[in-house]
Number of protein chains: 2
Amino acid sequence: MSPASRTVPSARPMRADARRNHDRILAAAAEAVAEQGAEASLEEIARRAGVGSATLHRHFPSRQRLLEAVFRDKVEALCATAAGLAGGPDPWHALATWLGAVAAHAVSNRGLAASLMRGAHDGDPALGATCHTMITNAGADLLDRARRAKAVRPDVPITDLLKLVNAICLAVEREPDAAAQADRLLTLALTGVRKAGS
Amino acid sequence: MSPASRTVPSARPMRADARRNHDRILAAAAEAVAEQGAEASLEEIARRAGVGSATLHRHFPSRQRLLEAVFRDKVEALCATAAGLAGGPDPWHALATWLGAVAAHAVSNRGLAASLMRGAHDGDPALGATCHTMITNAGADLLDRARRAKAVRPDVPITDLLKLVNAICLAVEREPDAAAQADRLLTLALTGVRKAGS
DNA sequence: ACTTAAATGGGGTGGCCCTCCGGTTATGGT
DNA sequence: ACCATAACCGGAGGGCCACCCCATTTAAGT
């Protein structure tokens with residue numbers, strides 16, 4: 001659970017001040033991103049955290065890294081939701097509600113969609129389990145079940161589905177009624193995913 | 001056709017040097033945006049045009065204004081396409097192919113989707129016929145025909161449709177196979193628009 | 001307490017957007 | 001052909017930002 005042990009438990013534990021700063025930065029970043037979205041100023045985040053900008057850049061070498069850290073908890077929650085829904089009797093319903101939950105999280109946490117979109121492929125490699133891959137894996141399971149139940153087209157990859165969800169959220173992010181719009185557009189798109197027969 | 005006469009024909013014609021700079025800026029902007037997307041540096045555009053940054057800002061007070069000018073031709077072409085398709089026998093097909101054309105333009109002209117998304121509502125008002133409204137009007141006609149032919153759900157507004165298209169294009173813009181992905185995702189979303197019955 | 005390696009942050013560099021203002025130039029009337 | 005003038009130009013500068021260097025501070029192990 002601690003930042004030091006979460007990524008590489010074998011690494012030497014962080015120094016106390018380092019960890020403290022790490023956490024303060026993370027808290028400040030969460031706050032700033034919630035207010036201003038994924039493009040929030042890194043310097044202001046450092047300022048809020050009461051930390052030099054160099055310290056922020058040392059702890060998080062790229063904006064993407066910082067966002068991943070900020071949203072890790074939320075993403076883990078979504079993955080847990082997916083696991084919970086996987087046991088349900090209606091695979092289609094499970095998939096649909098989960099995608100709705102992803103959208104809901106994305107619109108209520110500005111910047112999440114952008115963070116989820118940019119996978120490990122662009123930006124820095126050597127980035128272990130990114131939000132992108134975590135979400136993808138969680139969704140793949142739900143989609144697989146729905147596919148086996150013949151509730152979805154067999155040729156739709158989970159990446160496309162998530163790209164659609166994130167695209168929608170990204171697009172409506174700065175509208176006043178983002179949640180309502182995202183829901184409407186997602187429903188629109190989803191009905192096309194469901195087979196005509198079922 | 002000339003920049004001076006297109007917007008307000010009654011206005012006094014621009015001075016020769018002003019018009020020359022206007023055109024050079026536009027050309028440089030088109031080039032830069034094609035390479036780097038809608039976020040291209042305005043200063044670099046001015047530099048490419050061999051013009052001071054102040055001149056650029058005088059001709060185009062906001063980035064949005066510049067993008068609108070850059071894409072005006074493309075948007076007009078899309079509107080013309082819509083008008084041409086409106087006469088066809090199959091309203092659904094007309095709508096679908098037009099949306100495909102919009103997507104194709106958006107992925108092959110980086111920044112267009114972003115420009116289309118931001119309507120007149122945000123940013124500066126008093127912006128006459130923006131790309132957003134032009135496209136919306138052109139699409140409304142096609143959608144209306146399709147709706148009258150009962151080929152689409154009656155409750156889907158054209159704004160949602162275009163938002164979906166632009167969202168998709170924006171999301172896949174920086175992927176290597178953007179065109180293919182956009183097409184796939186659009187088809188996915190569109191099939192949900194079409195009524196199950198027809 | 002003392003040593004040492006890790007961590008810090010002020011300050012510098014270079015880039016961006018945007019505005020002011022003194023100098024320049026095209027233009028229309030004479 | 002000339003001039004007065006309004007329109008236009010662009011360098012310089014302010015404010016903000018990401019990112020890096022390095023002298024200084026500080027936690028951790030003995």
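Please read these numbers as outputs of a predicted model, since none were measured by experiment.

A. Molecular detail of the interface of chain A and chain B. Listed as interface residues are 21 residues of chain A and, on the opposing side, 20 residues of chain B. Summed over both sides, the interface between chain A and chain B buries roughly 2000 Å², with carbon and sulfur atoms accounting for 64% of that surface. With a shortest N-O distance of 2.6 Å, A:Asp160 and B:Arg184 are connected by a salt bridge. Connecting chain A to chain B are four residue pairs in polar contact (both at pLDDT 80 or more). Listed by contribution, the elements that provide at least two residues to the side of chain A that touches chain B are α9 (158–172) and α10 (178–193) of chain A. Looking at the side of chain A that touches chain B residue by residue, the class counts come to 12 nonpolar, four polar and five charged.

B. Local environment of the confidence of the model for chain A. Model confidence for chain A is summarised by a mean pLDDT of 87, while 85% of its residues fall at 70 or above. Note that residues 1–5 of chain A has pLDDT below 50 and, in this model, seven contacts with residues that lie over four places away or in other chains.

C. A look at the packing of helix α8 (residues 131–148) of chain B against helix α9 (residues 158–172) of chain B. Residues and elements named next belong to chain B. Where α8 contacts α9, the axes come no closer than 9 Å and their chain directions differ by 115 degrees. With respect to the hand of their crossing, α8 and α9 are arranged in right-handed fashion. Two secondary-structure elements touch here, α8 through Ile135, Thr136, Gly139, Ala140 and Leu143 and α9 through Ile158, Thr159, Leu161 and Leu162. Taken together, the residues of the contact of α8 with α9 break down into six nonpolar, three polar and no charged.

D. The arrangement of the pattern of salt bridges in detail. Counting across every chain of the model gives 16 salt bridges over all chains. Put simply, A:Arg48 and A:Glu31 hold a salt bridge, and the shortest N to O gap is 3.2 Å. With A:Arg48 in helix α3 (residues 42–49) and A:Glu31 in helix α2 (residues 16–36), the pair connects residues that are 17 residues apart, well separated along the chain. Salt-bridge contacts for B:Asp144 lead to B:Arg147; the nearest nitrogen and oxygen are separated by 3.9 Å. Of the two residues, B:Asp144 and B:Arg147 are both situated in helix α8; the distance of three residues between them amounts to about one turn of the helix. Through salt bridges with shared partners, one network takes in A:Glu31, A:Glu35, A:Glu44 and A:Arg48.

E. Examining the protein's contact with DNA strand C more closely. Taken together, 22 residues form the shell around DNA strand C, and within it A:Arg15, A:Asn21, A:Thr55, A:Arg58 and B:Arg63 come nearest. Among all atoms of DNA strand C positioned within 4 Å of the protein, those belonging to sugar or phosphate total 57%. In this structure, a phosphate oxygen belonging to DNA strand C sits 3.2 Å away from a side-chain N or O atom of B:Arg47. B:Ser53 is positioned with one of its side-chain polar atoms (N or O) 3.3 Å from a base nitrogen of DNA strand C. Broken down by secondary-structure element, the contributors of at least two residues to the surface near DNA strand C are α2 and α4 (53–59) of chain A together with α3 (42–49) and α4 (53–59) of chain B. Broken down by element, the residue count for the surface near DNA strand C peaks at five residues, all from α4(A).

F. Local environment of the state of the cysteines. The full count for this structure, using the stated rule, is zero disulfides over all chains. Considering cysteine sulfurs only, A:Cys131 is the nearest to A:Cys79, which forms no disulfide, with 8.7 Å between them.

G. Quick look at the protein's contact with DNA strand D. Taken together, 23 residues are adjacent to DNA strand D, and A:Leu42, A:Glu43, B:Arg15, B:Asn21 and B:Thr55 come closest. Considering DNA strand D, the proportion of its atoms within 4 Å of the protein that are sugar or phosphate atoms stands at 59%. Contact between DNA strand D and A:Glu43: a phosphate oxygen at 2.9 Å from a main-chain N or O atom of the residue. One of the side-chain N or O atoms of A:His57 is found 3.2 Å from a phosphate oxygen in DNA strand D. Breaking the surface near DNA strand D down by element, the ones donating at least two residues are α2, α3 and α4 of chain A together with α2 (16–36) and α4 of chain B. Here the element with the most residues in the surface near DNA strand D is α4(B); it accounts for five residues.

H. Spotlight on the side chain of B:Thr55. Mapped onto the fold, B:Thr55 is located in helix α4. Discounting residues that sit within four places of it in the chain, B:Thr55 has contacts with B:Asn21 and B:Ile25.

I. A look at the nonpolar core. With 126 residues, the main nonpolar core has A:Ile45, A:Trp98 and B:Trp98 as its most contacted residues. Not counting chain neighbours up to four residues away, the residues in contact with A:Ile45 comprise A:Ile25, A:Ala28, A:Ala29, A:Ala32, A:Ala40, A:Leu56 and A:Leu66. If you look at the next biggest cluster of nonpolar residues, it comprises six residues, including A:Met117, A:Ala167, A:Ala171 and B:Ala167.

J. Representation of the relation of the copies chain A and chain B within the structure. The transformation that overlays chain A on chain B combines an axial shift of 0.0 Å with a rotation of 179 degrees, and the residual RMSD is 0.2 Å. Both chain copies can therefore be described as sitting about a two-fold axis. In this assembly, 95% of the residues forming the interface of chain A have copies in chain B that are likewise at the interface, indicating an isologous arrangement.

K. Representation of the packing of helix α5 (residues 63–85) of chain A against helix α6 (residues 91–108) of chain A in the model. Residues and elements named next belong to chain A. Interaxial distance between α5 and α6 falls to 10 Å at its minimum, and their mutual angle equals 165 degrees. If you check the angle between α5 and α6, you find them roughly antiparallel. α6 is crossed by α5, and the crossing has right-handed handedness. The residues of α6 that touch α5, namely those facing Lys74, Leu78, Thr81, Ala82 and Leu85, are Ala94, Thr97, Trp98, Ala101, Val102 and His105.

Thresholds, definitions, all that
Residues numbered from 1 in each chain as written. Chains lettered and ligands numbered in written order. Predicted model: local features only at pLDDT ≥ 70, side-chain atom pairs only at ≥ 80, totals over all residues. Heavy atoms only, no water. Contact = heavy atoms within 4.5 Å. Buried area = accessible area lost by both parts, 1.4 Å probe. Salt bridge = Lys/Arg side-chain N within 4 Å of Asp/Glu carboxyl O. Polar contact = N/O pair within 3.5 Å; in protein donor to acceptor, adjacent residues only side chain to side chain. Helix = DSSP H or I, 4+ residues; strand = E, 2+ residues; numbered from the N terminus. Nonpolar A, V, L, I, M, F, W, Y, C, P; charged D, E, K, R; others polar. pLDDT = per-residue confidence, 0-100. Axes fitted to C-alpha atoms, helices over the stretch in contact; angles between N-to-C directions. Left-handed = near helix turned anticlockwise from the far one by under 90°. Near = heavy atom within 4 Å. Disulfide = S-S within 2.5 Å. Core = buried A, V, L, I, M, F, W, Y, C linked by side-chain atoms within 4.5 Å. Buried < 20%, exposed > 50% of the residue type's maximum accessible area, 1.4 Å probe, protein only. Least-squares fit on C-alpha atoms with pLDDT ≥ 70 in both. Parallel < 35°, antiparallel > 145°, perpendicular 65-115°, else oblique.

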